[in-house]
Structures are given as C-alpha cells and as structure tokens.
Amino acid sequence: AMTNIVLEEGGIIDKFEGDAVMAEFGAPIPTQDHADRAVLTGIKMQRRLKELRNNWLERGLPKIEARVGINTGSMVIGNMGSNQVFDYTVMGDAVNLASRLEGANKPYGTFLMISEYTLKQLTPNRFRLRLLDVIKVKGKSEAVKVYEVYGESTDEIDSNDLKYYQSYQDGFKAYLNQEFSSATNFFHNCLSLKPDDPAAKLMVDR
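A quick note: this is a predicted structure, and the numbers were derived from the prediction, not measured.

**A few points about the environment of Arg 130**
Point 1. Topologically, Arg 130 is positioned in strand E7 (residues 127–135).
Point 2. Separated by 42 residues in the primary sequence, Arg 130 and Phe 172 have C-alpha atoms spaced 9.7 Å apart.
Point 3. Filtering out sequence-adjacent residues up to four positions away, Arg 130 remains in contact with Thr 110, Val 146, Tyr 147, Glu 148, Tyr 150, Tyr 164, Tyr 165, Tyr 168, Gln 169 and Ala 199.
Point 4. A polar contact of 2.7 Å, which involves the side chain of Arg 130, links it to the side chain of Glu 148.
Point 5. Side chain to side chain, Arg 130 and Tyr 164 meet in a polar contact 2.9 Å long.

Now the structure itself:
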C-alpha cells in the first residue's frame, strides 16, 4: 500500500530496510515540485494507514502506526558499491537527517516531521504545518527547525484541533523569545484541549 503511494507521486523506492521504506523524489528524473510530492506522499501514507488500521483493529489485529521523516538537500546519488555488488541509492548528511527525523517524531507523538530545508522548497500555504521544535540530531553540531505536517490546507479540521495548533504555535513563539511564563500558559492551554499531548507536555517540562 505504501509503495503504491510513493510511485503514484513520482518517487522511487530506494530500499526496504527492516520496517522502514526509504524513498527519494526529484531523482533520477528531476522535478521542480519534489518537496511537495514527498510531503503529499507522507500525508497519503498516514491516511491510507488509518484506513488499514481501522480494518485490522476490527479484525482483532495489532494497532500499526508509522512515522515519516522528510528532508531536502544536496546528496550523492547513483550506483554505490563495488564492481561485483552495487545498488542505486543516496548518501550524505541530508539523507541521514531525514532518517533522524523519522525517529524524532516519537517524543512529540507526531507522525510526519519535515525539516526547515524541506519547508523552504514547499509551495506556500499548500500544507497545514506547525513549528514543532528546534532540535540537534545525533551526529550534527547545528540545530535544525522541525515542523509537523498535519494535512493539506484544503483539509477540514476540527475547531478544537485548530485551537490546539494555534496555541502551540503561540507558545513556541513565546518560548523562542524566552517569555517562559507566557509560553507555559499557552502549552497548558494545549493540554486542556489535548490532555495526553506529548509535545505540549515536553515543552512544559522544559
């Protein structure tokens, strides 16, 4: 199901690695909207997985969830390996960051995280997103802004969810400005709307 979505959006499947699907957009055939396609793929994956999950739960099967990490940047791409054994893949810091972002979703309770570098390449106002945090991933010396994508801008969204996302944005803005009392109030407001929200809890603790 996930492979179909990647291919429909013009991506290529690099490899299946453990429980992960690694995919690329914009190469080997260049496309101007590769970032949009990658993010849309992540959204469609979550939609499809929700359908599958509901079906599986009705049948008494385990609850399956998946996280997506997306990054955009320069990388080495082509056949890697030796004369005897090689495969077509990508390498570089930009690739590693995407992998780190997939795992970085976990403490925030999010399922689709992108970097500030991907955000710069997106069509403005096409997607619903929020600045989630500024993080330093393993192996990197510089911090990077990360964003949760929670749908397309045309998607209908529950009014309480809208209030939650707005309150989180206001809280994080106050946090960056070192207005910690105000930030805490905004994040507590988030928790009044979503009592078990890991992202707001994390920020209150911080």
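**As for the layout of surface pockets**
Point 1. Of the volumes computed, that of the largest pocket is approximately 1300 Å³.
Point 2. Lining the largest pocket are 42 residues, and of these Val 21, Met 22, Ala 23, Gly 69 and Ala 98 sit closest to its centre.
Point 3. Only helix H1 (2–8), strand E2 (20–24), helix H2 (34–58), strand E3 (68–70) and helix H3 (93–104) provide two or more residues apiece to the lining of the largest pocket.
Point 4. The element that contributes the greatest number of residues to the lining of the largest pocket is H2, accounting for nine residues.
Point 5. Tallied by class, the residues present in the lining of the largest pocket amount to 24 nonpolar, eleven polar and seven charged.
Point 6. Its volume calculated, the second largest pocket comes out at about 800 Å³.
Point 7. Looking at the second largest pocket, it is lined by 26 residues, and the ones nearest its centre are Gln 46, Phe 111, Glu 148, Tyr 150 and Tyr 165.
Point 8. Those elements that provide at least two residues to the lining of the second largest pocket are H2, E7, strand E8 (144–152) and helix H5 (159–176).
Point 9. With five residues, the top contributor of residues to the lining of the second largest pocket is H2.
Point 10. Its residues placed into classes, the lining of the second largest pocket shows nine nonpolar, four polar and 13 charged.

Cut-offs and rules
- Residues numbered from 1 in each chain as written.
- Predicted model: local features only at pLDDT ≥ 70, side-chain atom pairs only at ≥ 80, totals over all residues.
- Heavy atoms only, no water.
- Helix = DSSP H or I, 4+ residues; strand = E, 2+ residues; numbered from the N terminus.
- Contact = heavy atoms within 4.5 Å.
- Polar contact = N/O pair within 3.5 Å; in protein donor to acceptor, adjacent residues only side chain to side chain.
- 1 Å grid on protein atoms, 1.4 Å probe; cavity = no way out; pocket = protein on both sides within 12 Å on 5 of 7 lines; lining within 4 Å.
- Points joined across faces, edges and corners; volume = space filled by probe spheres on them.
- Nonpolar A, V, L, I, M, F, W, Y, C, P; charged D, E, K, R; others polar.

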